[in-house]
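For reference, the chains in residue letters:
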Amino acid sequence: MNETVDLSPADEKDAKASVMTGIGSGSEWLARYSSSLMGVFGTPQRVLVRGAGCLVWDADGKEYLDLLGGIAVNALGHANPFVTSVISSQLATLGHVSNFFTSPTQIALAEKLLAITDAPAGSKVFFTNSGTEANEAAFKLARRNTGGSGAKRTKIIALEGAFHGRTMGALALTAKEAYRTPFEPLPAGVVHIPFGDVEALKDAVDETVAAVFLEPIQGEAGVRPLPPGYLRAARELTARVGALLILDEVQTGMGRTGKWLASEDAGIMPDAVTLAKGLGGGFPIGALITYGPETSSLLAAGQHGTTFGGNPVATAAALATLHAIESQHVLANASAVGEHLRSALAVLPGVTEVRGEGLLIGFDLDADVAPAVVQAGLDAGFIVNSPGPRTIRLAPPLVLTTAQADTFLDAFPAILQAAKDAQ
Ligand SMILES: *Cc1c(COP(=O)(O)O)cnc(C)c1O
């Protein structure tokens, strides 16, 4: 064996075929799935083998318009040639170094994130591999915040309906009982208050509070935006008592709402923002951004860390994604196509309410048939998601065209009817 583990060209072709694809029908793959993968996700809806732009194909050759984008992840669609090329070049140059070292793409991405989120001098970035890890880092940041008093604070405020992730700290911030209860005790101190209620926030935020965690739009709860003025009120209340305002923009950030951050319009500066989903254009990466020198120095050397976080390939993928979003005017597309979808959905029979911004859209149906709509959608060649019994969520690639959106709008009445017939 040599150190490059060279395969002969013929061996390489066979080996690549066996590593990357293999042959099988969807039902054959699913049988293998159920005997080898842990059952936490239930049975996957389809076995997907290939994607291009907003389209994906399953193991049986069926084509789908992907209106979920890997849950708000595939910002530039599937197999974007530019992102693919940058990832391949970076991997072929330097793939991983650990955080005993740094690399140019890691530094350039941190600078880029600070620039596009209007961070003041002294702001900093910590990279992770996922959204939950970004929130774990934010949780630890909050535990170090004494509001300048030096006295430890352990209380954290989050909202009913909140989803912040599945690891123990992030799970403590997540509201849903079914996710929490089997794993108690969770890290203590998190209090959930009613969603969007400024009076409840006023009552909860005092000198014992280390941080308030908010999603500008609750994604998993069915695309529920905070009411206008709420973020501004939260900023004022937290600033008054030295509590951190931490915005979870894991789902809403990096162009999803037609802006870099969904919280932009509120005109406030939070103390920290967490990012993940769309940041790497499909490559796993997350980030915690801390604003200003004080918050940015709460975690001292040695107090947090990660092996993979900020890896050269992941940061190159994110740099490529952000570059393409900027140079190809993708934010404007997300705003325009999102607006088109929302106004068209709002007048469809059977749709009772439409929410969201840009290409993060939730809409309610006039019956509890959302899971059946997901199934009927798949049969009709559309991937959508049901975060609730009568709610559908769309989070397609930000490059979705109006023509592609129209194919879904045209098909929707029949999909809804098929779902109702199947009930
Ligand atoms: C998806 C999500 C998370 C968790 O991200 P993972 O990468 O799945 O760990 C956290 N917060 C919000 C708002 C999310 O949408």
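Residues numbered from 1 in each chain as written. Predicted model: local features only at pLDDT ≥ 70, side-chain atom pairs only at ≥ 80, totals over all residues. Heavy atoms only, no water.

K.L.:
I'd love a proper account of the site of the ligand, names of residues and values included.
P.N.:
Neighbouring the ligand are Ser130, Gly131, Thr132, Asn135, Phe163, His164, Gly165, Glu215, Asp248, Val250, Gln251 and Lys277. Here a nitrogen atom of the ligand sits 3.4 Å away from a polar atom, N or O, in the main chain of Phe163. Contact distances for the ligand include 2.6 Å between an oxygen atom and a side-chain N or O atom of Lys277. Its free accessible area being 380 Å², the ligand has 81% of it covered by the protein chains. (Near = heavy atom within 4 Å. Polar contact = N/O pair within 3.5 Å; in protein donor to acceptor, adjacent residues only side chain to side chain. Areas by Shrake-Rupley, 256 points an atom, 1.4 Å probe, with all protein chains shown as cover.)

K.L.:
Let's hear about the sheet that holds strand E5 (residues 155–159): which residues, and what values?
P.N.:
In sheet architecture, strand pairing relies on hydrogen bonds along the backbone and comes in two forms, parallel and antiparallel. Read from one edge to the other, the open sheet built from seven strands follows the order E4-E12-E11-E10-E7-E5-E6, with strand pairing classed as mixed. Taken across any chain shown, the strands that pair with only one partner, and hence form the sheet edges, are strand E4 (124–128) and strand E6 (190–193). Strand-to-strand twist across the sheet, computed as the mean angle between neighbouring axes with direction ignored, equals 20 degrees. Of the pairings in the sheet, the one linking strand E7 (residues 209–214) to strand E10 (residues 244–248) comprises four bridges and is parallel in character. The residue of E10 that forms the bridge with Phe213 is Ile246. Of the strands in this sheet, E4, strand E11 (272–275) and strand E12 (286–290) touch helix H5 (residues 104–116), which is tilted by about 120 degrees from E4. (Pairing = 2+ DSSP bridges. Helix = DSSP H or I, 4+ residues; strand = E, 2+ residues; numbered from the N terminus. Axes fitted to C-alpha atoms, helices over the stretch in contact; angles between N-to-C directions. Contact = heavy atoms within 4.5 Å.)

K.L.:
How would you explain the pairing of E5 if you had to name every residue and give the values?
P.N.:
With four of five residues buried, E5 lies mostly within the body of the structure. One ladder, built from three bridges, connects E5 with E7; its direction is parallel. Paired with Ile157 across the strands is Val212, a residue of E7. Taken together, the four bridges between E5 and E6 define a ladder with parallel strand orientation. Directly across from Ile156, in E6, lies its bridge partner Val190. (Buried < 20%, exposed > 50% of the residue type's maximum accessible area, 1.4 Å probe, protein only.)

K.L.:
So, the sheet that holds strand E14 (residues 360–365): which residues are in play, and what are the values?
P.N.:
What the four strands build is an open sheet, ordered E13-E14-E17-E16; its pairing is antiparallel. The open sheet terminates on both sides in strands that have one partner only, identified here as strand E13 (351–357) and strand E16 (385–388). Strand after strand, the sheet turns through a mean of 30 degrees between neighbouring axes, direction not considered. As paired elements, E16 and strand E17 (residues 391–394) share two bridges and run antiparallel to each other. When the sheet's bridge partners are listed, Gly388 is paired in E17 with Thr391. Here helix H13 (residues 330–346) sits on the sheet in contact with E13, E14 and E17, set at roughly 165 degrees to E13. Running over the sheet, helix H14 (residues 370–379) touches E14, E16 and E17 and is turned about 175 degrees from E16.

K.L.:
Describe the pattern of salt bridges, with residues and values.
P.N.:
Applying the stated rule across the entire model yields 13 salt bridges. Arg342 is the partner of Glu339 in a salt bridge, and the nearest nitrogen-oxygen pair spans 3.6 Å. Here Glu339 and its partner Arg342 are both found in helix H13, three residues apart, which amounts to about one turn of the helix. A residue is classified by how much of its surface remains accessible, and Glu339, at 46% relative accessible area, is partly exposed. In this structure Arg342 comes out as buried when scored by relative accessible area, which is 13%. (Salt bridge = Lys/Arg side-chain N within 4 Å of Asp/Glu carboxyl O.)

K.L.:
Go over unusual backbone geometry with me, naming the residues and quoting the values.
P.N.:
Look at the link from Glu184 to Pro185: it is a cis peptide, with omega at 5 degrees. The residue Pro185 is located in the loop between helix H8 (177–180) and E6 in this model. You will see that Ala79, though not glycine, has its phi angle at about 55 degrees, which is positive. By the element assignment, Ala79 lies in the loop between helix H3 (69–72) and helix H4 (81–93). Despite not being glycine, Asp118 shows a phi value in the positive range, around 55 degrees. Within the secondary structure, Asp118 is located in the loop between H5 and E4. For Asp118, a relative accessible area of 67% corresponds to the exposed category.

K.L.:
Talk me through the domain arrangement of the chain; I want residue IDs and the actual numbers.
P.N.:
Here the chain is partitioned into domain 1 (45–74 + 329–422) and domain 2 (84–327). Each of domain 1 and domain 2 has a C-alpha centre, and the two are 27 Å apart. Every contact between the two is made by 23 residues of domain 1 and, on the other side, 24 residues of domain 2. With both sides pooled, the region where domain 1 packs onto domain 2 buries about 1,900 Å², and carbon together with sulfur makes up 57% of that total. Viewed at the interface, domain 2 and domain 1 are joined by two salt bridges. With a shortest N-O distance of 2.8 Å, Glu220 and Arg393 are connected by a salt bridge. Applying the counting rule to domain 1 against domain 2 returns twelve residue pairs in polar contact (both at pLDDT 80 or more). Mapped by element, the contributors of at least two residues to the side of domain 1 that touches domain 2 are H3, H13, E13, E14 and E17. Here the element with the most residues in the side of domain 1 that touches domain 2 is H13; it accounts for four residues. Here the residues of the side of domain 1 that touches domain 2 sort into 13 nonpolar, seven polar and three charged. (Domains from an automatic or database assignment. Buried area = accessible area lost by both parts, 1.4 Å probe. Nonpolar A, V, L, I, M, F, W, Y, C, P; charged D, E, K, R; others polar.)

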